[in-house]
Amino acid sequence: MSDRTTMNVRPPVIFEASRERRPGWGRGNVPEHTAMIPDRFLRKNPPLLPEVSELQVVRHFTRLSQHNFSIDTQFYPLGSCTMKYNPKVCHTLSMLPEFLERHPLAPESMGQGVMQCLFELGEYLKEITGTAGVSLTPMAGAQGEFAGVAMIRAYHLDRGDHERVEMLIPDAAHGTNPATAAMCGLKVREIPTNAAGDVDIEALKKVLGPQTAGLMLTNPSTLGVFERRIREIAALVHQAGGLLYYDGANLNAITGRVRPGDMGFDAIHVNVHKTFATPHGGGGPGAGPVGVSARLVPYLPVPMVVKTDDGSGYRWLDRAEAPRSIGRLSAFAGNVGILLRAYVYIRLLGRDGMRRVADFSTLNANYLKARLQRFGFQIAYPERRATHEFIVTLKRESEQWGVSALDFAKRLLDYGFYAPTIYFPMLVPECLLIEPTETETKEELDRFAEALASIRREAEADPGFVKGAPHHVPVPGGGLGRLDDTRAARKPDLIWRRTLDHE
Ligand SMILES: *Cc1c(COP(=O)(O)O)cnc(C)c1O
């Protein structure tokens, strides 16, 4: 790119393409409204907006969008996040004008359709999770956790059980688990994991007691293995007077096969944006409905849709009917657009489809794991069957050649693959947490395995080359190469400035 000829023919940034008074769209009607704005609020200089044609705008933004990685363009094996394909029909139906343009304060009589969808979604989630009641209002998995632990706390306090101030959390847990417990005013107590990737039950027994509020667990865990002694663990926690919280981020591995409620969990959140197919890159909107066992139903957050007394329609549960509810967590009814996508997805797949999600996400993970093992990669828990995800550790590669998990991840971008999750869970050194999901073909999994194997050969032959990756991915500023991660996150330089080159 330092070559001058190349510089001059590269597509222009939208500001470079700007020409004075080139007809754009819509600027003409701005001045009419300025009369209504007090002088002191009016800007002194016109904004620096590019003056370009419609086609130039379309090309500019389409080109920018193609610099991104996305499910629609690349394999996206980001472990724990379940980046599966999101069927377009889910978006189309949830964006019908009748849904999209509905005013959130419209009366119940005018919202019977959307209320029916929300009510039925709650019923499906009860069935899938094996819980007695569901509230759809939390706006993310993390907020679902907050709701669940707040309900557990309210339950203990209601019973006059004021001593229960400790939440037990395995060391493999996602960071939101201890953060949630702390936000709810509880003390976090870490439980170690044994060499096979299961909860260390002897260590758990030692810390259970009258101070135990509960245990938070993901099953399958973030180590990609199913906790085989979950019933025993649930019985131990219940005997000690605590309740069990289920982090539902890994539900994709078990939908239609096993239900958290049947394992003994009392509260669970569902990341509908993961398991139930709504796009969730870059921290975009999600939803984290919570399901609970019978004893926690009175504490569910509002609002909730219920059937009218005569069963002919739907209404919002009155706050007075839920005196022990932990209250409100979101404006209006939560992220309804996301909930509708989940509703359509579940209707689309049906009972058998839900089961196939679990079967094929697990099959794909185990296939990819076996392929990578054959290429010489070290699996973190090789003797365990993978669930919907598994962990590769690059400790050997890092020690022998100085090439880290981060370097492998950056180089994968050059091969046209989004990178797996790296350095999580923190228990496994130099780890890649790989989640292929059920929507990938065998051929795509083969291509990915071959790319990783090829990077491994590069790492052995020329470690410096891999450490300098990515080499072909455009970065802000128009160059190539690796960005300083910290600076890119904390001090991103995204402002275009006129330089001599552009004049
Ligand atoms: C994604 C995730 C969460 C948090 O969910 P959000 O919807 O991102 O708030 C919690 N635990 C695990 C294991 C996760 O993967």
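Coordinates for the structure precede this section.
Every residue gets a number counted from 1 within its own chain, in the order that chain's sequence is written. Confidence filtering applies because this is a predicted model: local features only for residues at pLDDT of at least 70, side-chain atom pairs given and counted only at 80 or more, and all residues used for totals across whole chains, interfaces and linings. With hydrogens and water stripped out, all remaining heavy atoms of the structure feed into the side-chain values.

Draft legend 1. The arrangement of the pairing of strand β5 (residues 243-247) in detail. Within β5, five of the five residues are buried, which leaves the element mostly enclosed by the surrounding structure. Exposure is judged per residue with a 1.4 Å probe applied to protein chains only, and the accessible area is read against the type maximum: over 50% gives exposed, under 20% gives buried, and values in between give partly exposed. Each helix is a run of H or I in the DSSP string that is no shorter than four residues. Each strand is a run of E no shorter than two, and both are numbered from the N terminus. Residues Leu243, Tyr245 and Asp247 line one face of β5 and the alternating positions Leu244 and Tyr246 line the opposite face, and both faces are buried. DSSP calls a pair of strands paired once it identifies at least 2 bridges connecting them. As paired elements, strand β4 (residues 212-217) and β5 share four bridges and run parallel to each other. Among the inter-strand pairings, Gly214 is bridged to a residue of β5, identified as Leu243.

Draft legend 2. Quick look at the site of the ligand. Proximity criterion: a residue is near a molecule or strand once any of its heavy atoms comes within 4 Å of it. Looking at the ligand, there are 13 residues lining it, with Ser80, Gly141, Asp247, His273 and Lys274 nearest. Think of a polar contact as two N or O atoms within 3.5 Å of one another; within protein, one of them needs to be a possible hydrogen donor and the other a possible acceptor, and neighboring residues in sequence only count if both atoms come from side chains. At a separation of 2.7 Å, an oxygen atom of the ligand approaches a polar backbone atom of Gly141. Ala142 is positioned with one of its backbone polar atoms (N or O) 2.8 Å from an oxygen atom of the ligand. When residues of the shell around the ligand are traced back to their parent elements, those giving at least two are α8 (141-158) and α13 (272-275). Counting residues per element, the shell around the ligand draws most heavily on α8, which supplies three residues.

Draft legend 3. View of the packing of helix α14 (residues 336-374) against helix α17 (residues 442-461). Lines are fitted to the C-alpha atoms to define the axes, a helix being fitted only along its stretch in contact, and any angle between axes, read from their N-to-C directions, falls within 0 to 180 degrees. The N-to-C vectors of α14 and α17 enclose an angle of 35°; their axes lie 10 Å apart at closest approach. With respect to the hand of their crossing, α14 and α17 are arranged in right-handed fashion. For the pair formed by α14 and α17, the contact residues are Asn364, Tyr367, Leu368, Arg371 and Leu372 on the first element and Lys442, Leu445, Asp446, Phe448, Ala449, Glu450 and Leu452 on the second. Here the residues of the contact of α14 with α17 sort into seven nonpolar, one polar and four charged. Working rule for handedness: look at the near helix, and if it is turned counterclockwise from the far one by less than a right angle, call the crossing left-handed; if clockwise, right-handed. Contacts are assigned to residue pairs that have any heavy atoms within 4.5 Å of one another. For this classification, the nonpolar set comprises Ala, Val, Leu, Ile, Met, Phe, Trp, Tyr, Cys and Pro, the charged set comprises Asp, Glu, Lys and Arg, and every other residue, Gly included, is treated as polar.

Draft legend 4. A look at the side chain of Glu438. Along the polypeptide, Glu438 turns up in the loop between β13 (431-434) and α17. Taking the relative accessible area as the measure of exposure, Glu438 reaches 14% and is therefore buried. Here the side chain of Glu438 touches Lys84 through a polar contact of 2.9 Å, side chain to side chain. Among the polar contacts made by the side chain of Glu438, one reaches the side chain of Asn252 at a distance of 2.9 Å. Look past the residues within four positions of Glu438 in its chain and what remains in contact with it is Lys84, Asn252, Tyr345, Val357, Phe360, Ser361 and Asn364.

Draft legend 5. Region of the structure containing the packing of aromatic side chains. Ring pairs are drawn from Phe, Tyr and Trp, using the six-membered ring of Trp, whenever the two centres fall within 6.5 Å, and their geometry is named by plane angle: stacked under 30 degrees, edge-to-face over 60, tilted for the rest. Applying the stated criterion across every chain yields a total of ten aromatic pairs. Between the aromatic rings of Phe119 and Tyr314, the centroid separation amounts to 5.3 Å while the plane-to-plane angle is 50°, which identifies the pairing as tilted. Here Tyr314 lies in strand β9 (residues 314-316) and Phe119 lies in helix α7 (residues 112-129), a separation of 195 residues in the sequence. Each member of the pair, Phe119 as well as Tyr314, carries the same accessibility label: buried. With a centroid separation of 6.4 Å and an interplanar angle of 70°, the aromatic rings of Phe276 and Tyr345 are classed as edge-to-face. One end of the pair, Phe276, is in the loop between α13 and β7 (290-292); the other, Tyr345, is in helix α14, with 69 residues separating them in the sequence. Through pairs of rings, three or more aromatic residues link up here, namely Phe69, Tyr76 and Tyr418. Only when the NZ atom of a Lys or the CZ atom of an Arg is both within 6 Å of the ring centre and within 35 degrees of the ring normal do we say a charge sits over the ring. In this structure, Arg456 is placed above the aromatic ring of Phe377, and the distance from its NZ or CZ to the ring centre is 5.4 Å.

Draft legend 6. Examining the side chain of Thr131 more closely. By the secondary structure assignment, Thr131 is in the loop between α7 and β1 (133-135). Side chain to side chain, Thr131 and Thr129 meet in a polar contact 2.8 Å long. Among all residues touching Thr131, those that are not within four sequence positions of it are Leu125, Lys126, Ile268, Gly291 and Val292.

Draft legend 7. Seen up close, the sheet that holds strand β10 (residues 378-379). In space, the four strands of this open sheet follow the order β10-β11-β13-β12, with antiparallel pairing throughout. Edge strands, defined here as strands with exactly one partner in the open sheet, are β10 and β12 (421-422). Judged from the four bridges that link them, strand β11 (residues 390-393) and β13 form a sheet pairing that is antiparallel. Bridging across to β13, Val392 finds its partner in Leu432.

Draft legend 8. Main features of the sheet that holds β4. Here seven strands make up an open sheet; going across it, the order is β1-β7-β6-β5-β4-β2-β3 and the pairing mixed. A strand with exactly one partner marks an edge of an open sheet, and here the two such strands are β1 and β3 (187-191). In this sheet, adjacent strand axes meet at a mean angle of 20° when their direction is disregarded. Of the strands in this sheet, β2 (166-170), β4, β5, β6 (267-269) and β7 are in contact with α8, which crosses β5 at around 175°. Sheet contacts for helix α9 (residues 176-183): β2, β3, β4 and β5; angle to β2, the most-contacted strand, approximately 175°.

Draft legend 9. Focus on a nonpolar patch on the surface. Residues enter patches when their relative accessible area tops 30% and they take part in no salt bridge; the joining distance is 9 Å for like charges and 5 Å for the nonpolar side chains Val, Leu, Ile, Met, Phe, Trp and Tyr. Note that accessible areas follow from Shrake-Rupley with a 1.4 Å probe, and for residues the cover is restricted to the protein chains shown. Here a salt bridge means any side-chain nitrogen of Lys or Arg lying within 4 Å of a carboxyl oxygen belonging to Asp or Glu. A contiguous nonpolar patch, built from Val89, Leu93, Leu96 and Leu348 and spanning about 290 Å² of accessible area, is present on the exposed surface. Relative to the helices and strands, Leu96 resides in the loop between α5 (88-94) and α6 (97-100).

Draft legend 10. Structural detail: the pairing of β2. Burial analysis of β2 places five of its five residues in the buried class, which makes it a mostly covered element. Because side chains alternate across β2, one face comprises the buried residues Glu166, Leu168 and Pro170, and the other comprises Met167 and Ile169, equally buried. As judged from the five bridges shared by β2 and β3, these two strands associate in the parallel manner. For Glu166, the partnering residue across the bridge sits in β3 and is Lys187.

None of the figures reported here should be taken as evidence of function without further support.
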